[in-house]
Amino acid sequence: MRGNELRERFLEFFKEREHTIKPSGSLIPEDPSVLLTIAGMLPFKPIFTGEIESDLKRVATSQRCLRTNDIENVGKTARHHTFFEMLGNFSFGDYGKKEAIRWAWEFLTKELKIPKEKLWVSVYEEDDEAFDIWHKEEKIPKSRIVRLGSKHNFWAIGPTGPCGPCSEIIYDRGKKYSCGRPTCGVGCDCDRFLEVWNLVFMEYNRDHEGRLRPLPRKNIDTGMGLERLAMILQEKENTFDTDFLKPIIDYTASLSGVRYGQDRIKDLALRIIADHIRAVTFLIYDGVLPSNVGRGYVLRRIIRRALSQGRNLGLAKPFLHKLIPVVIDIVKEPYPELSKDKEHMEKIVLGEEERFLETLEQGMKELNWVLTREQYSKEILGDTAFYLYVSFGLPIDLIQEIAAEHDINVDMKGFEKEMEKQRERGRMAWQEIGQSRVKTIYNRLAKELKATKFKGYVKTTLKAEILAIMKADKRIERAKAGDEIDIILDATPFYPEAGGQIGDRGTIIKRGTKMEVLDTQRPLPEIIVHRAKIIKGSIRKGDKVEAGIDIEKRLATARNHTATHLLQGALKRALGKHVRQTGSFVSFDRLRFDLTHFAPLTDRQISQVEKMINKKIRENIKVEASMMDFKEAKKRGAIFLVGEKYGKRVRTVRIGDFSLELCGGTHVKATGEIGLFKLVSESGIAAGVRRIEALTGEGACRFMKEREDLLSKIARELKVAPPQILERVERLVQRVKELEKEVERLKSKEALLKREELIKKAVEVEGIKVISNRMEGLDIKGLRNASDLLKDKLKSGVIILGSVMDKKVGLVCVVTKDLTDRLNASQIIKEVARIIKGSGGGRKDFAQAGGKNPAKLNYALKEVSRIIRKKMK
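Residues numbered from 1 in each chain as written. Predicted model: local features only at pLDDT ≥ 70, side-chain atom pairs only at ≥ 80, totals over all residues. Heavy atoms only, no water.

> Just checking my understanding: could you explain the pairing of strand 4 (residues 119–124) for this structure?
Residues in a regular strand point their side chains to alternate faces of the sheet. With 6 of 6 residues buried, strand 4 is to be regarded as a mostly interior element. Burial along strand 4 is two-sided: Leu119, Val121 and Val123 and Trp120, Ser122 and Tyr124, pointing in opposite directions, are all buried. By the bridge criterion, 4 bridges tie strand 4 to strand 5 (residues 145–148) in an arrangement that is parallel. What sits directly across from Val121, in strand 5, is Ile145. Regarding topology, helix 4 (residues 128–137) serves as the crossover connection from strand 4 to the parallel strand 5, and that connection is right-handed. (Buried < 20%, exposed > 50% of the residue type's maximum accessible area, 1.4 Å probe, protein only. Helix = DSSP H or I, 4+ residues; strand = E, 2+ residues; numbered from the N terminus. Pairing = 2+ DSSP bridges. Right-handed = clockwise from strand over helix to strand, strands pointing away.)

> What should I look at first to understand the nonpolar core in this one?
Across soluble globular proteins, you tend to see nonpolar side chains buried next to one another. Formed by 113 residues in total, the largest nonpolar core has its most connected members in Leu108, Trp134, Trp197, Leu229, Leu320 and Ile380. Leave out the neighbours within four places in its chain, and Trp197 touches Phe10, Phe14, Asn89, Ala104, Phe107, Leu108, Ser167, Glu168, Ile169, Thr222, Gly223 and Met224. Among the nonpolar cores identified, the runner-up in size contains 30 residues, and Ala574, Val579, Phe593 and Leu679 belong to it. (Core = buried A, V, L, I, M, F, W, Y, C linked by side-chain atoms within 4.5 Å. Contact = heavy atoms within 4.5 Å.)

> What is the right way to read the pattern of salt bridges from this model?
Pairs can form between side chains of opposite charge once their charged atoms are near each other. Within the structure shown, the criterion is met by 58 salt bridges. We note a salt bridge from Arg475 to Glu448, for which the minimum N-O separation is 2.6 Å. With a gap of 27 residues between them, Arg475 in strand 14 (residues 474–476) and Glu448 in helix 15 (residues 440–448) connect regions that are remote in the sequence. Exposure remark for Arg475: the relative accessible area of 34% places this residue in the partly exposed category. On the basis of relative accessible area, Glu448 is assigned to the exposed category, the value being 52%. One salt-bridge network, in which partners are shared between bridges, spans Lys97, Asp127, Glu129 and Glu203. (Salt bridge = Lys/Arg side-chain N within 4 Å of Asp/Glu carboxyl O.)

> How do you make sense of the sheet that holds strand 32 (residues 798–805) when you look at a structure like this?
Within a sheet, each strand pairs with its neighbour through backbone hydrogen bonds, oriented either parallel or antiparallel. Here 6 strands make up an open sheet; going across it, the order is 30-31-32-33-35-34 and the pairing mixed. Bordering the open sheet on either side are strand 30 (763–765) and strand 34 (838–842), each of which pairs with just one other strand. Here the strands of the sheet are splayed against their neighbours by 20 degrees on average, with no regard to which way each runs. With 5 bridges joining them, strand 31 (residues 768–774) and strand 32 adopt parallel strand pairing. By the bridge assignment, Ser772 is partnered in strand 32 with Ile800. (Axes fitted to C-alpha atoms, helices over the stretch in contact; angles between N-to-C directions.)

> Is there a simple way to think about unusual backbone geometry in this case?
The phi torsion of most residues other than glycine is negative, and most of the peptide bonds are trans. Phi at Glu235 is positive, roughly 55 degrees, even though this residue is not glycine. By the secondary structure assignment, Glu235 is in the loop between helix 6 (226–233) and helix 7 (246–256). Judged by relative accessible area, Glu235 falls into the exposed class, the value being 73%.

> How should I be thinking about the environment of Thr239 in this particular structure?
Inspection of the secondary structure puts Thr239 in the loop between helix 6 and helix 7. Its relative accessible area of 0% is what places Thr239 among the buried residues. Separated by 10 residues in sequence, Thr239 and Ile249 have C-alpha atoms that sit 12 Å apart. Beyond its immediate sequence surroundings of up to four residues, Thr239 is in contact with Ala78, Arg79, His81, Glu227, Arg228, Met231 and Leu245. In this structure the side chain of Thr239 is engaged in a polar contact, spanning 2.6 Å, whose partner is the side chain of His81. (Polar contact = N/O pair within 3.5 Å; in protein donor to acceptor, adjacent residues only side chain to side chain.)

> Looking at this structure, how should I read the packing of helix 7 against helix 8 (residues 264–285)?
Helix packing for two helices is described by the angle between their axes and how far apart those axes are. With their axes 9 Å apart at the nearest point, helix 7 and helix 8 run at an angle of 120 degrees to one another. Looking at the two axes, helix 7 sits oblique to helix 8. For helix 7 against helix 8, the interelement crossing comes out right-handed. Across the interface between the two elements, Ile248, Ile249, Thr252 and Ala253 from helix 7 touch Leu270, Arg271, Ile273, Ala274, Ile277 and Arg278 from helix 8. Residues of the contact of helix 7 with helix 8, tallied by class, amount to 7 nonpolar, 1 polar and 2 charged. (Parallel < 35°, antiparallel > 145°, perpendicular 65-115°, else oblique. Left-handed = near helix turned anticlockwise from the far one by under 90°. Nonpolar A, V, L, I, M, F, W, Y, C, P; charged D, E, K, R; others polar.)

> Looking at this structure, how should I read helix 17 (residues 603–618)?
Each turn of an α-helix holds 3.6 residues, which means side chains three or four residues apart point in the same direction. Spanning 16 residues, helix 17 covers 22 Å between terminal C-alpha atoms, matching the ideal 22 Å at 1.5 Å per step. Against the buried residues of helix 17 lie helix 16 (551–575) and strand 28 (677–686). The first or second residue beyond helix 17 is Asn620, which carries a positive phi of 50 degrees. (Expected span 1.5 Å × (residues − 1).)

> Looking at this structure, how should I read the packing of aromatic side chains?
For any pair of aromatic rings, the description rests on two quantities: the centre-to-centre distance and the angle between the ring planes. Counted under the stated rule, the structure contains 23 aromatic pairs. Ring centres of Phe83 and Phe282 lie 4.6 Å apart, and the angle between their planes is 5 degrees; this geometry places the pair in the stacked category. Here Phe83, found in strand 3 (residues 83–92), pairs with Phe282, found in helix 8; they are 199 residues apart in sequence, far enough to count as distant. Exposure class is identical for Phe83 and Phe282. Each is buried. Ring centres of Tyr389 and Phe415 lie 5.5 Å apart, and the angle between their planes is 85 degrees; on these two criteria the pair is classed as edge-to-face. One end of the pair, Tyr389, is in helix 12 (residues 382–392); the other, Phe415, is in helix 14 (residues 412–437), and 26 residues separate them in sequence. By the burial criterion, Tyr389 is buried, and Phe415 matches it. (Phe/Tyr/Trp six-rings, centres within 6.5 Å; stacked < 30°, edge-to-face > 60°.)

> Could you clarify how one ought to interpret a positive patch on the surface in this entry?
There is a patch of like positive charges on the surface, built from Lys450, Lys453, Lys455 and Lys459. With respect to the element layout, Lys459 can be found in the loop between strand 12 (453–454) and strand 13 (461–471). The exposure class assigned to Lys459 is partly exposed, which follows from its relative accessible area of 42%. (Patch = residues over 30% accessible without salt bridge, like charges linked within 9 Å, V, L, I, M, F, W, Y side chains within 5 Å. Areas by Shrake-Rupley, 256 points an atom, 1.4 Å probe, with all protein chains shown as cover. Lys, Arg positive; Asp, Glu negative; His and termini not counted. Charge placed at Lys NZ, Arg CZ, Asp CG, Glu CD.)

Now the structure itself:
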């Protein structure tokens, strides 16, 4: 049975049992405390925890997931993956254990016709109810039901919160796959007993003291790996041989000219690459881009890990981007929209591959220097290996392999210690983000207070009632002049920060009292928080007040927000349909727009974008906001953020036939109100991501005036009219180049004059002439030229020259050809460079280095004779 058919069979099975079928959520979870979607239940976590009320009772999904905790096992076992799909059925206070068990058994044994004698069942050791359902109602022999402890069969969402016993259905693959230990059985981690389906019965809530209290509403959360199920149904040795991964392996093998199944190392590489390119494809599809933090770092590490495996297949050039069309073809039935992003994904991955290969080359140089340094200790310390791994992306197995070639060990315990520190830093960072996003006080208030009504689309001022006052995250009844507080009103004209647009500023007043609103936030959908400072007077809960926004700032923000929509429309037309928004910032004084694109915008493209936007501004097109069904908005071609969660009804903003976007922000009534658009900067912020900053209205005019004034000042300094500035500057640049050449000529002449003097200063070390000298005023190019002049005259010997330029040390080393069988310039310069806190390398006959400690240069040059003497022994 095809894998895609298997997914459909599962969803249809539960649809017939009155489950709502939901599409897969993004790999980027809504829960800010979680880095990536790791389980099928994660999109429903707020329902399980009771944070939100929902009309959903029964749901079934095939959720894409990504885990990296077992990444070192990927390809080595029959079942471990980073990216996988989790089939799941969920009950929110509807059905319980009996139905969950019955339907799971029915689907596996009747719908899929998996032989019952191949299946085992495990239950929590204290869960007699589940044991009895399996034995008495599903007729499973007691001998096939195994009771296990909390390590295997008790699931918890965290240290506190919803939890409960679980029951697993296990497929016995036979003795052939056993680890051979006498204790091998259900619960063993070998490849014989394969966990197929985990049924979690969320019956309890664990409090801060560790006590379990029954939940008022019991839930069901089940999860089954689609790839594992496909392995069983397709009768494959492992998940990599299923139709989800085998086509990727076959194509990669064809690129490299190897045969799958012939070599253990090559097979492992092919499997890792196949797994990782699926993860890469879906991470980029869900809006993640390579970076050095958070999800972007996960993506970068997966790309680099896969790319480094190409080394074992003889693939020295970028190849991963060529695998993306294969992944898209495999999943085109459930994910037809991936094909639209094919070019975008390929270019992102290709750019990252090229960048990594450059870094890898630098990393290999650094590793070679480390190996030279540790040739006596015979061990690379753990923190050094970690530095090579993190800074240069060198896989630890590659470091070990190359170190072994030099009979040097790698301190793996120290390396793992550093890795665990990094994991802990990541966990803490994401916990802090989650805690900062939604404070406990707001969760409580959302349940106690009626939702704030936002009236800001139609009103700039209104009368309201104070529902709550907070200070230092504590609820208070009253506040006085000088206090900085958070205020919740029953209604507000203040727009809360969302969708990249900053929150409104303004004032809240009543007789004798004035508060300045510094920011507006929406920590939860029901709550709008006004961050304010009381300028005079006092307030208390229940007071009637008048809330008014800063109209000038609101209008300026609206101009920038509408301009952002025009900018996205113009970029898609000028650069291509692959352009996608990855972030934005809209304030009253500027706008910023991050987009997916593979190269810097040319001057011509920037000009084209500006002209297009200003033309639409002059056309004074009406800006129309309206509510419609999400499906209808997508059908009409509305732009929306991939990975963002939208309700059934969405707000759209249309600018004629030029732009249609899902947006909740504030906008001008017609494009003419923007006045003027000026793009002021364009830069790269990550692989395949560009950032544009722009100004509108008065800010754009001010910018143009400042540039005009600057141009006039330059013209006066050059004593020409503004139109002649470029010509004058070109002449000056040419003159500077001529003078620089003259300086180089004079320096070479001076070096030639000094040559005889330096030749005379040569000393003999073990019968070899050695020149070691400090040169003043020469950069690295000048040092190379000087060493060439000396080599021509010296004929046989070693030359090391050093100089200091801009507080940095430069070194070159030459070993004449007749001595390269005895001395190596690269090895010599590495030892000299260590003295000046630097590094370097090169060939046997020539090498160069740089350093950070000019004060040690003279000492380093004196040490040259000793270093050569040591090398000669």
